[in-house]
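Descriptive structure summary
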Amino acid sequence: MQKSENDGNKEGSVDFIRAIVAEDISTNKWDGKVITRFPPEPNGFLHIGHAKSICLNFGIADENSGGQCNLRFDDTNPVTEEDRYVNSIQEDVRWLGWDWDENLYYASDYFEQMYDYAVQLIEKGHAYVCELNARQISEYRGTLTTPGKESPYRNRSVEENIDLFRRMKDGEFKDGSHVLRARIDMASPNMNLRDPVMYRILHAEHHRTGSVWSIYPTYDWAHGLEDSIEGITHSICTLEFENHRPLYDWYLDKLEVHHPQQIEFARLELTYTVMSKRKLLQLVDEGHVNGWDDPRMPTICGMHRRGYSPEAIREFCRRIGINKFNSTIDIALLEHCIREALNKTSNRVMAVLRPLKVVIENYPEGEEEWMDAVNNPEDQSAGTRKVPFSRVIYIEQDDFMEDPPRKFFRLGPGREVRLRYAYFITCTDVVKNDDGEIVELHCSYDPATQGGNAPDGRKVKSTLHWVSASHALRAEVRLYDHLFTKERPEEAKDGEDFRSNLNPQSLQILSDCMVEPGLKDAKPFERIQFERLGYFCIDTDSTADRLIINRTVTLRDTWAKVQKKGNKK
C-alpha cells in the first residue's frame, strides 16, 4: 500500500476512530487484525469528500502492521452503474497514492451468498415477501410520531415466502410487484427498523452479471453482509448512516455471522462547493461545466486536471481531521495546502498573460542572449535553465502605468525596473493606437546590470517577469475561480436553487498569452509556477500545435486571514 512521506499525524494527535482501532489492537479484539474498506457505488465520479474517506480507510490500514484496506464496489443498482465509473474510481484512488493490492471486490461477487442469507432469514421467520407497492409501503411505515401498520402479507408462512422469493429470483414477476422485507418492528422509533426492504425486482442489465439476476439487494441489506464476508474489522461510514447502524447490527446478529464494528464520522463539506452527486450531475447535464473533469468541479479527476497534487489533497485530509459533528471547511485551507505542496515541487517559468510589447532601443538588433534562471528556489536539485533575451520582449500590461500613483513601483515613463534574470530597463517612450490605447513601450537598458544587479549599487523597487517576443510560445490560459459566488451555494432566494449562485466569472479564457519556449515539450498534468502569477498545469486539451494551460491557484494565500477572522469570533 503506497503512502506519502507527508502522511501521518504530524502533531501526534489521534482522532477518535484511530483511538478505537488502537484500543481494539491492545485488547486483541479482532485477533490483532485491522481490515477496513472503501466501498464506492460505481454510479459517478469521486469527489473531494470521497478523498477524505479514502485517506481515512487506507490510512488506518497503512498505519497498522499487517493492515488491509479493500476497494469494494457496491454495485447493487444496475440501472445507474457503469464500467467507466469503475475504471475512473480505480484511477482516482491510485492517483491519490493508495493501492488495494489484490483486495479488489464487488458486491456482485456475493449475490448468490446474499440470496442464501436471505433464505436463512425467511426460514427463521425474520423476512417475508410483500406485495405492497412503493407508495403503500411508505404509507404503512407511519411517521416519526405515529407507529406504522403491518403489511397484510407479513404473516405468510415460511414455505410460501421461500417459494415467492425463489420466483422473484427467477424473473417471474414484474418490477415493483414484490419485495422481500425484514420482519422487525413496525412500531420502532427508528424508522429504518420498520420492516425495511431487503430485495426489489429489477429486470435490468448489470455491468458485471448481465441479466443473470432479476432481484437486487438494497444497500442496508448488502452493506453489512459485504463487510462480514470480507472479514472487515472496522466499517467506517459517514454520519448519515448512524441511524442505520441498528439495522446493520440486527441483520448480522440474526444471521450469527462475523460482525464488524460500524463507526460513523462527519462527511466533508467545503465552502463555495456542492458535493451532492445529484447536483453535480445537474451541473454537467445542463452545461454549466464542461464535464465531470472540468477543473472547477470538486471531483478528484477535475482537481487532477486543474493541477492539484495528490500529496496536497492527502495533507488537506490530514489537517481537517476526523470528527463526529458536521461542519463546513473553508476552501482557503485546501488552496493553502495546494500552494504549500506546489511551492516545493513546481518549477518556475515566466509567462505573460496579457502581453504589452517592449522594444529595447539600445539593444543590438538581431542579437540574443540566454540567461541563467533558477528552476525552483525551494529545490536546489531542480537546477537552472536558459531563458532567451532579445531586443523585443513582452511584459504584463498591468506592469506599466503612464501616470502611476505614488505606491505603484512598476514601470512608468522615466522609471527604471529590473527584468528578472536580465537587465535594468528604463521607459523612454509610449506608443498608442488611434483609440489612445497603449500598444508599445520603448525602453533603454543598462548593459552593466546583466543578471539583475547594478555595479554602482543603485536599487530599483520592482522586478518584472517577461518573455522574449521572438522566442515565446503562444498559449491559451484558462483562469479558474470558485464555481459559486456564495460560501454556501445552497442558500438561495425563494423560488431559486443553488444554480442561482453560480459564478459567471468562474472561467476566463485568455487566448494570446506568451510563455517561455521551454514549455514546448510540456506534457498534460505537468505543474508549474508562473512567476508572480500563480500555479498552473498543462491541460489535457493541449496538442502539439496548441498549448493550453489551467490556473491551479493564485499566489495569494488567504488562509491566514481566514484563521485570524475565525479566532476573532
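Residues numbered from 1 in each chain as written. Predicted model: local features only at pLDDT ≥ 70, side-chain atom pairs only at ≥ 80, totals over all residues. Heavy atoms only, no water.

Per an unreviewed UniProt entry, the protein goes by the name Glutamine--tRNA ligase and belongs to Candidatus Scalindua arabica. Of the comments in the UniProt record for the protein, the one headed Sequence similarities (unreviewed entry) reads "Belongs to the class-I aminoacyl-tRNA synthetase family." (UniProt positions renumbered as here; feature names shortened; annotations may be inferred.)

1. Some thoughts on the overall build of the protein
Per the secondary structure count, the protein includes 13 helices and 27 strands. Each principal axis of the C-alpha distribution contributes one length, and for the protein these read about 100 × 55 × 50 Å. Across the 569 residues that make up the protein, the buried fraction comes to 53%. On the protein, roughly 26000 Å² of surface is accessible, and the fraction owed to carbon and sulfur atoms is 45%. One way to put it: in the protein the 74 positive side-chain charges average out to a point 5 Å from where the 94 negative ones average out. (Helix = DSSP H or I, 4+ residues; strand = E, 2+ residues; numbered from the N terminus. Buried < 20%, exposed > 50% of the residue type's maximum accessible area, 1.4 Å probe, protein only. Areas by Shrake-Rupley, 256 points an atom, 1.4 Å probe, with all protein chains shown as cover. Lys, Arg positive; Asp, Glu negative; His and termini not counted. Charge placed at Lys NZ, Arg CZ, Asp CG, Glu CD.)

2. Let's talk about the pattern of salt bridges
Taken as a whole, this structure holds 52 salt bridges when the rule is applied. Here Arg-478 and Asp-539 are joined by a salt bridge, their closest N and O atoms 3.4 Å apart. A residue pair is termed long-range when its members are at least 10 positions apart, and Arg-478 in strand E23 (residues 473–480) and Asp-539 in the loop between strand E26 (534–538) and strand E27 (547–553) qualify at 61 residues. Taken as a pair, Arg-478 and Asp-539 share a single burial class, namely buried. Residues participating in the shared-partner salt-bridge network are Asp-293, Arg-305, Glu-476, Arg-478, Asp-539, Asp-541 and Arg-546. (Salt bridge = Lys/Arg side-chain N within 4 Å of Asp/Glu carboxyl O.)

3. With respect to the environment of Trp-250
Take Trp-250: it is sitting in helix H8 (residues 245–255). By relative accessible area, Trp-250 is classed as buried at 14%. C-alpha of Trp-250 to C-alpha of Glu-311: the two residues are 61 residues apart in sequence and 40 Å apart in space. Among residues more than four places away in sequence, those in contact with Trp-250 are Leu-121, His-126, Ala-182, Arg-183 and Ile-184. (Contact = heavy atoms within 4.5 Å.)

4. Section: the UniProt feature "domain: Glutamyl/glutaminyl-tRNA synthetase class Ib catalytic" (unreviewed entry) in the protein
Residues given the UniProt feature "domain: Glutamyl/glutaminyl-tRNA synthetase class Ib catalytic" (unreviewed entry) here are residues 33–343. From the first C-alpha to the last, residues 33–343 spans 39 Å; its make-up is 40% helix and 14% strand.

5. Observations concerning the confidence of the model for the protein
Counting all residues, the mean pLDDT for the protein is 95, and 97% of those residues have values of 70 or more. When the criterion is pLDDT under 50, residues 2–12 qualifies, and its contacts beyond four places in sequence or with other chains add up to 21 contacts. (pLDDT = per-residue confidence, 0-100.)

6. Digging into the side chain of Asp-227
As for its placement among the helices and strands, Asp-227 is situated in helix H7 (residues 219–230). With relative accessibility at 0%, the residue Asp-227 sits in the buried group. Reaching out from Asp-227, the side chain makes a polar contact with the side chain of Arg-37 at a distance of 3.0 Å. With near-sequence residues (within four places) excluded, Asp-227 lies in contact with Arg-37, Arg-72, Ile-232, Ser-235, Tyr-248, His-258 and Pro-260. (Polar contact = N/O pair within 3.5 Å; in protein donor to acceptor, adjacent residues only side chain to side chain.)

7. Quick word on helix H11 (residues 310–320)
Of all eleven residues making up H11, nine are buried, and the element is well covered by its neighbours. By the burial criterion, the buried members of H11 are Pro-310, Ala-312, Ile-313, Arg-314, Glu-315, Phe-316, Cys-317, Arg-318 and Ile-320. A positive backbone phi angle near 75° is found at Gly-321, which sits one or two residues after H11.

8. Remarks on the nonpolar core
Nonpolar side chains in soluble globular proteins generally cluster together in the buried interior. One finds Ile-48, Ile-54, Val-93, Ile-313 and Phe-316 to be the most contacted residues of the largest nonpolar core, which totals 43 residues. The contact partners of Val-93, leaving out residues within four places of it in the chain, are Phe-38, Leu-46, Ile-54, Phe-58, Trp-98 and Trp-100. Listed in part, the 36 residues of the second largest apolar core include Leu-121, Val-129, Met-168 and Phe-173. (Core = buried A, V, L, I, M, F, W, Y, C linked by side-chain atoms within 4.5 Å.)

9. Things to note about the sheet that holds strand E12 (residues 347–349)
Within a sheet, neighbouring strands are paired by backbone hydrogen bonds and run either parallel or antiparallel to one another. Spatially, E12-E25-E26-E27-E23-E24-E13 is the arrangement adopted by the seven strands of the open sheet, whose pairing is mixed. Lying at the two open borders of the sheet, with one neighbouring strand each, are E12 and strand E13 (351–352). Alignment of E23 against strand E24 (residues 507–515), held across seven bridges, turns out to be antiparallel. Bridge pairing in E24 places Arg-474 opposite Met-514. Contacts from helix H12 (residues 331–345) reach E12, strand E25 (527–530), E26 and E27, with the element oriented near 125° to E27. (Pairing = 2+ DSSP bridges. Axes fitted to C-alpha atoms, helices over the stretch in contact; angles between N-to-C directions.)

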